[in-house]
Amino acid sequence: MSDALGFTLKEISRLLRRRFDARARAIGVTRAQWHTLFVLSRNEGTSQGGLAEQMEVEPITACRMIDRLEEAGLVERRRDPADRRVRRIYLTNSARPLIDRLRVIADDVVESALTDIDQAERDQLDRTLAKIRNNLAPRESDIDETANG
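So, a few notes on the structure that sits alongside this text. (Residues numbered from 1 in each chain as written. Predicted model: local features only at pLDDT ≥ 70, side-chain atom pairs only at ≥ 80, totals over all residues. Heavy atoms only, no water.)

### Focus on the nonpolar core
Nonpolar side chains tend toward joint burial in soluble globular proteins.
Okay, step 1: Among the nonpolar cores identified, the biggest contains 23 residues, and Phe20, Trp34, Leu37, Val75, Leu91 and Leu102 are the most heavily contacted of them.
Okay, step 2: Counting residues per element, the ones that place at least two in this core are helix H1 (2-26), helix H2 (31-42), helix H3 (48-55), helix H4 (59-71), strand E2 (83-91) and helix H5 (95-113).
Okay, step 3: No other element matches the 6 residues that H5 contributes to this core.
Okay, step 4: If sequence neighbours within four positions are ignored, valine 75 has contacts with Leu37, Leu40, Ile66, Leu69, Glu70, Ile89, Tyr90, Leu91 and Thr92. (Core = buried A, V, L, I, M, F, W, Y, C linked by side-chain atoms within 4.5 Å. Buried < 20%, exposed > 50% of the residue type's maximum accessible area, 1.4 Å probe, protein only. Helix = DSSP H or I, 4+ residues; strand = E, 2+ residues; numbered from the N terminus. Contact = heavy atoms within 4.5 Å.)

So this is what it looks like as structure tokens:
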């Protein structure tokens, strides 16, 4: 079961990303761009380092992506009022319609993936995945054990 579950989740994720990527590319958005925009839309005002951590990339990679998005007028860096060394990242008004279009694409891709799955099964899937996520989410006891070796 463990091999099958991990492999199946990874394969579903890969297929969803590929389908979404193809549709996003059609409107001129790369995977790196949409990933950055989606993460930022959920964590607007985060620092560059925080964004890199949330995206699970190296800080220099996030910095380059932010540079490109800033050149395109989709994000802006603002000084942190409490710490001048820190730059906070915000979406611009120009980014919001693009993110809305990407959300429509995402909804269409997910709806396509869930074809022939009735509402009761969808609800059960949501509950089951939420339980799995909660089971894997870090707990304070996990953090304490890691810190203490």
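Alright, that's what it looks like, and here's the rest.
### Here we look at the packing of H2 against H3
Okay, step 1: For the pair H2 and H3, the least separation of the axes is 10 Å and the interaxial angle reads 110 degrees. When the axes of H2 and H3 are compared, the pair comes out roughly perpendicular. Judged by the sense of rotation from one axis to the other, the crossing of H2 with H3 is right-handed. Counting all contacts with H2, which are made through His35, Thr36, Val39 and Leu40, the residues of H3 involved are Leu51, Gln54 and Met55. (Axes fitted to C-alpha atoms, helices over the stretch in contact; angles between N-to-C directions. Parallel < 35°, antiparallel > 145°, perpendicular 65-115°, else oblique. Left-handed = near helix turned anticlockwise from the far one by under 90°.)

### A closer look at the layout of surface pockets
Okay, step 1: Looking at the largest pocket, its volume works out to about 1200 Å³.
Okay, step 2: Ile12, Ser13, Leu16, Val110 and Leu129 are the residues nearest the centre of the largest pocket, which is lined by 28 residues in total.
Okay, step 3: Broken down by secondary-structure element, the contributors of at least two residues to the lining of the largest pocket are H1, H2, H3, H5 and helix H6 (119-136).
Okay, step 4: Broken down by element, the lining of the largest pocket gets its largest block of residues, 9 residues, from H1.
Okay, step 5: Partitioned by chemical class, the residues of the lining of the largest pocket number 16 nonpolar, 4 polar and 8 charged. (1 Å grid on protein atoms, 1.4 Å probe; cavity = no way out; pocket = protein on both sides within 12 Å on 5 of 7 lines; lining within 4 Å. Points joined across faces, edges and corners; volume = space filled by probe spheres on them. Nonpolar A, V, L, I, M, F, W, Y, C, P; charged D, E, K, R; others polar.)

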